[in-house]
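Each chain, written out:
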Amino acid sequence: MQLHPILTALRRNKVGAIVICVQMAITLAILCNALFIIEQRLASSARPTGTVEAELFAIDNEWVGAATDLPARARADIAALRSLPDVADAYSTASYPLENGGWLQGVAIKPNQDDETAQATTYFGDEHMLPTLGLKLVAGRNFNAVDIGEHTSNEAPVYPGIIVTRALADKLFPDGSALGRSVYIESPDRGMPIVGIVDRLAAPWTRIEAADVYENSVIEPFRYADKAGSYMVRAKPHRLAAAMQAAQVKLDEVNGARVLSKVRSFAQLRATAYRDDRGLAIILGVVCAALVAVTAFGIVGLTSYWVAQRRRQIGIRRALGATRSAIVRYFQIENLLIAGVSAGLGAGLAVSINLWMVQGFAMTRLSPGYVLAGAVLVLLLGQVSVLWPALRAASIAPALATRGA
Amino acid sequence: MFSHYLLLALRSLKRNVLLTALMIAAIGVGIGASMTTLTVFRAMGADPIPQKSAELYAVQIDNWGPGKRAHPSSDNLESMLSYIDAVGLVNARAAQRQTAMYVTGMALTPAGSQLKPFMVRARATYTDFFPMFDVPFRYGSAWPAADDAAHADVVVITRKLNNKLFGGIDSVGKTLNLDDRAYRIVGVLDSWNLLPRFYDIQGRGAKFSEGEDLYVPFTRAIDGAMRGLGGMRCKEEVSGWEGILRSECIWTAFWVELPDAAAVDRYRRFLSGYASEQRRSGRFHWPAHTQLRDVRQWLAYQHVVSDEVRILVLVSFSFLFVCLMNAAGLMLAKIVGRAAEIGVRRALGANRGAIFVQCLIEAGVIGLAGGLAGLALTALGLAGLRSVLSESMVDLTRTDLLDVVIAVVLAIVATVLAGLYPTWRATQVQPAWALKSQ
């Protein structure tokens, strides 16, 4: 088929073609960026914490009144929790993954360093923390019972060593020599040796803005005992619900002067933490679907109108020997030409929008694959939408040419 | 004339129901999507206290100096103050009203009832807080300034807590057991909820989440070593409550009320003077670096409108644009198809202006219908938002009359704008040609 007659016809119908072209270009630009954001959010909300989430739950505990024997109370609670038949292990801490609240500190590798080497969250835990969370030790050792100190809000922490995540170890010591090296966290001149490295342990913050510190965690060997603290409990396999129930009853038996403000499984924590990300993905998905539908209907509408406008010409072409498929092909090629131009424009627009968003939002560069996929999608969209009006055009009888308007 | 054109428009729209429905649907969907996000955007960025937003100022003091920051900010200032500065500024009383504050948690043990002890969010503040932020009282009043000085065991509770504990009766004078200590209720608030909660700077979620349950004197909270819930940021190691109070850790908010420009100027000078004084005394080793921001500036500075909502507004307005392009294309198709009819009207004496007005009215009718369809879709969209977003965002999905007006006006104006080119094309119809081709 020759392009010349199509181009001539388009030139006489400039505005209609431009309207379709601009629509498709914007659709492409929005689609690329929206799908990219959706993918980013879904990927972020699927990040593993490195723990055995299916068996874990967290109890937020707060003591009523001013207690002077907090460490003893924490020890009693932990012992009671560990004694439950449905509980595998437990420890006390100040914060935990997916909680969206915790301590972020600078970590340096030299004493009195001006700028920190990395930022990391600080977790507290005793020698039961690794088995409770199911963390995988990849180098060094776990804490021993003798390493563990009491961390109350009134006591300065002094401790023999720390455990870090592999991500943090690699960030601090890219040459892989982290084990046994000292790092400087709270105090600029007192180094803490790294005694163990775990494969993965997520920081408490789940927002996409905090993605760069997500796997940077430090574990300090403390049994946390404060007015407000948390217990992390691992249930025996498939006994989570029973363990959550029993733990609350048991803790109230041990000491009733408390408020168990929140008792949540990791599944609940994850759902809460990523609710807005999921929401954004859903909304963007709906808008994208509506956008595709509107653009498709727009193409159908305008092409139908063109078909109606050219009934006579189409009849003449048919009378002169053009086959039905030639007529269909005419409209398909016409749409392909328009869509090709919009794909080019839209790809440029998509990249510029993305570059602009990289500056103003927590956003990374759009991968070229998305632009390519978007362009293909828009070309397909055009072809699918044009099919119905094109088939209608093909059904115009050649006799129409002889009948006048 | 107008009603005649309106009739013509309706008749013309009826002639091609499918095309008309397509146009109305396109505009309706576009308006629905953009109004849904705009509603949330407006609620997030709204001025929560318009009558006083220009008189209330957040205070910032650089007590960390140049150098490393955990969360670098554009101006190297932090949003919170240290206890030292909070108390220093309160005691200076350099503004008409001022308050330092932070949020803490307390365990409330209900007296003689079946209710188990539960946690309450308490705001530790000074009595100036209540008149500063126009807080309405249902019963009683704020505690007297003397109670601030006396570190008294008094509380003001919210209407919600009063309903929960006392069934809504006047509970002034009763006592509350908070963390094993008796507090006397001096006031019960009426319903009061400022959104965004600009005075609460701790944490992103806090700006829209549920507020506090009760208020205690700041001085009492400090005596009780009540820790802040909103997080504390430190540059050095600290231990114990006394250590925190002596440290440069930042964890309190500080607001002042300054009624006019002269007062603002005076307070700015006072703040610089205060910071310079700290330098002279050896506490700061850098030139005075302080800032005052009123409510609107503060909201912008704190980026209250979340990235998610900005993205959604952008996407939905681009979507609206596509919908309008769509409607314009369809209108064009329609008008060109009516060239013959327009030719007849022109030949019978209608001038270009008349054709122009008639087509625009037709566009306006489509816009109105699209706007109404859009309103219904907005309600649907907001219901959808409520089901997928977290509770802290739900309060932002209420529509007001202005939203409705915006939706309808936006739909009509946008559709008429989209109809301008097709309309112009209609006026270009040459009567002779149009008639000849019949």
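First, a word on scope: everything that follows refers to the structure included in this document.

### Let's talk about the sheet that holds strand 11 (residues 228-235) of chain A
Residue and element names in this part refer to chain A.
Argument step 1. Spatially, the four strands line up as an open sheet ordered 2-11-1-12, and their pairing is antiparallel. If you trace the sheet from one side to the other, it starts and ends with strand 2 (87-93) and strand 12 (258-265), each paired once. For this sheet the average axis-to-axis angle between neighbouring strands, irrespective of direction, equals 20°.
Argument step 2. Here seven bridges tie strand 1 (residues 56-63) to strand 11, and the two strands are oriented antiparallel to one another. When the bridges of strand 11 are listed, L56 appears paired with R234.
Argument step 3. Of the strands in this sheet, strand 1 and strand 12 are in contact with helix 7 (residues 266-273), which crosses strand 12 at around 80°.

### With respect to the interface of chain B and chain A
Argument step 1. Counting from both sides, the interface comprises 42 residues of chain B and, opposite them, 49 residues of chain A.
Argument step 2. In terms of residue class, the side of chain B that touches chain A is built from 26 nonpolar, 10 polar and six charged.

### Considerations on the packing of helix 8 (residues 275-309) of chain A against helix 11 (residues 368-394) of chain A
All names here are of chain A.
Argument step 1. Two numbers describe how helix 8 lies on helix 11: the axes approach to 9 Å, and their chain directions differ by 30°. Comparing the axis directions of helix 8 and helix 11 gives the class roughly parallel. Crossing hand, helix 8 versus helix 11: right-handed. In contact with V292, T295, A296, I299, V300, T303, S304 and V307 of helix 8, helix 11 contributes L381, G382, S385, V386, W388, P389, R392 and A393.
Argument step 2. The class makeup of the residues in the contact of helix 8 with helix 11 is 10 nonpolar, five polar and one charged.

### Digging into unusual backbone geometry
Residues and elements named next belong to chain B.
Argument step 1. We note that D134 has phi near 50°; this positive angle belongs to a residue other than glycine.
Argument step 2. Looking at the secondary structure, you find D134 in the loop between helix 4 (129-132) and strand 5 (137-140).
Argument step 3. We note that H151 has phi near 55°; this positive angle belongs to a residue other than glycine.

### A short note on helix 9 (residues 261-280) of chain B
Working note: α-helix, 3.6 residues per turn, so residues spaced by three or four point in the same direction.
Residues and elements named next belong to chain B.
Argument step 1. Compared with an ideal rise of 1.5 Å per residue, which puts 20 residues at 28 Å, helix 9 spans 29 Å between its outermost C-alpha atoms and is within 8% of the ideal.
Argument step 2. Within the sequence span of helix 9, burial applies to Y267, L271 and A275. On an axial view of helix 9, the arc spanned by its buried residues comes to 75°, and they lie on one face. Residues of helix 9 that are exposed and point over 90 degrees away from its buried face: A262, D265, R269 and R280.
Argument step 3. Where helix 9 is buried, its residues meet strand 1 (56-61), strand 10 (250-257) and strand 11 (290-294).

### A short note on the pairing of strand 8 (residues 181-189) of chain B
Residues and elements named next belong to chain B.
Argument step 1. Across three bridges, strand 5 lies against strand 8 in antiparallel orientation. Note that in strand 8 the partner of G140 across the bridge is G187.
Argument step 2. Sheet analysis places strand 6 (residues 154-157) next to strand 8, joined by four bridges and oriented parallel. Within the sheet, the bridge partner assigned to V155 lies in strand 8 and is I185.
Argument step 3. Pairing of strand 7 (residues 175-178) with strand 8 involves four bridges; the strand directions are antiparallel. Bridge pairing links N177 to A182 in strand 8.
Argument step 4. In this antiparallel pair of consecutive strands, strand 7 and strand 8, the connection spans two residues, and D179 shows a positive phi of 50°.

About the thresholds
- Residues numbered from 1 in each chain as written.
- Chains lettered and ligands numbered in written order.
- Predicted model: local features only at pLDDT ≥ 70, side-chain atom pairs only at ≥ 80, totals over all residues.
- Pairing = 2+ DSSP bridges.
- Helix = DSSP H or I, 4+ residues; strand = E, 2+ residues; numbered from the N terminus.
- Axes fitted to C-alpha atoms, helices over the stretch in contact; angles between N-to-C directions.
- Contact = placed C-beta atoms within 7 Å.
- Nonpolar A, V, L, I, M, F, W, Y, C, P; charged D, E, K, R; others polar.
- Parallel < 35°, antiparallel > 145°, perpendicular 65-115°, else oblique.
- Left-handed = near helix turned anticlockwise from the far one by under 90°.
- Expected span 1.5 Å × (residues − 1).
- Buried ≥ 20, exposed ≤ 12 C-beta atoms within 10 Å, placed from the backbone.
- Arc of directions from axis to C-beta.

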